[in-house]
Amino acid sequence: KYDKELLIELRNTIAGRIITSKANIAYFMEVIKKAKKVSQEIIDGRNSIQLNEQNIKKDTIFLKCIDLMLKKGKI
């Protein structure tokens, strides 16, 4: 495959990770809502939400870099 095709596949993979992270956040928010007050589930859920939010930020920056590479043709 050509570099451009591989870069587009990588971009799609990263975009998929962002969607997965958003779905994980939604899931853990529901877990927290249904958990008993002050339980380990709530702590674990909050930690998972934080981790997914950090991953979204990193992946979003990565997507911008990939888009820039595609736009400028620097592959």
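Residues numbered from 1 in each chain as written. Predicted model: local features only at pLDDT ≥ 70, side-chain atom pairs only at ≥ 80, totals over all residues. Heavy atoms only, no water.

Enquirer: Sorry, what's going on with the overall build of the chain here?
Expert: Helix and strand content of the chain: two helices and zero strands. Taking 75 residues into account, the globule formula puts the C-alpha radius of gyration at 11 Å, and the chain, at 17 Å, lies well above it. Seen through its C-alpha atoms, the chain measures out along the principal axes to roughly 55 × 20 × 15 Å. Surface accessibility of the chain: about 5,900 Å² in total, with carbon and sulfur atoms responsible for 59%. Side chains of the chain carry 16 positive and 9 negative charges; the gap between the two charge centres is 6 Å. (Helix = DSSP H or I, 4+ residues; strand = E, 2+ residues; numbered from the N terminus. Rg over C-alpha atoms; globule rule 2.2 N^0.38 Å. Areas by Shrake-Rupley, 256 points an atom, 1.4 Å probe, with all protein chains shown as cover. Lys, Arg positive; Asp, Glu negative; His and termini not counted. Charge placed at Lys NZ, Arg CZ, Asp CG, Glu CD.)

Enquirer: Help me understand unusual backbone geometry, please; the structure alone is not making it clear to me.
Expert: Glycine aside, residues mostly have negative phi angles, and peptide bonds mostly take the trans form. A positive phi angle is found at V38, which is not glycine, with a value near 45°. The topology assignment puts V38 in the loop between α1 (3–34) and α2 (40–72).

Enquirer: Please explain the pattern of salt bridges as it appears in this structure.
Expert: Overall, the coordinates contain three salt bridges when judged by the stated rule. The salt bridge involving R11 is made with D67; its shortest N-O contact spans 2.4 Å. Taken together, the positions of R11 in helix α1 and D67 in helix α2 put the pair 56 residues apart, joining distant regions of the chain. Across the pair K33 and E30 runs a salt bridge, and its minimum N-O distance is 3.5 Å. (Salt bridge = Lys/Arg side-chain N within 4 Å of Asp/Glu carboxyl O.)

Enquirer: Whenever I open this one, the packing of α1 against α2 confuses me. Can you help?
Expert: Relative orientation and spacing of two packed helices are given, respectively, by the angle between their axes and the distance between those axes. With their axes 8 Å apart at the nearest point, α1 and α2 run at an angle of 160° to one another. The orientation of α1 relative to α2 falls into the category roughly antiparallel. Our pair here, α1 against α2, has a crossing hand that is left-handed. (Axes fitted to C-alpha atoms, helices over the stretch in contact; angles between N-to-C directions. Parallel < 35°, antiparallel > 145°, perpendicular 65-115°, else oblique. Left-handed = near helix turned anticlockwise from the far one by under 90°.)

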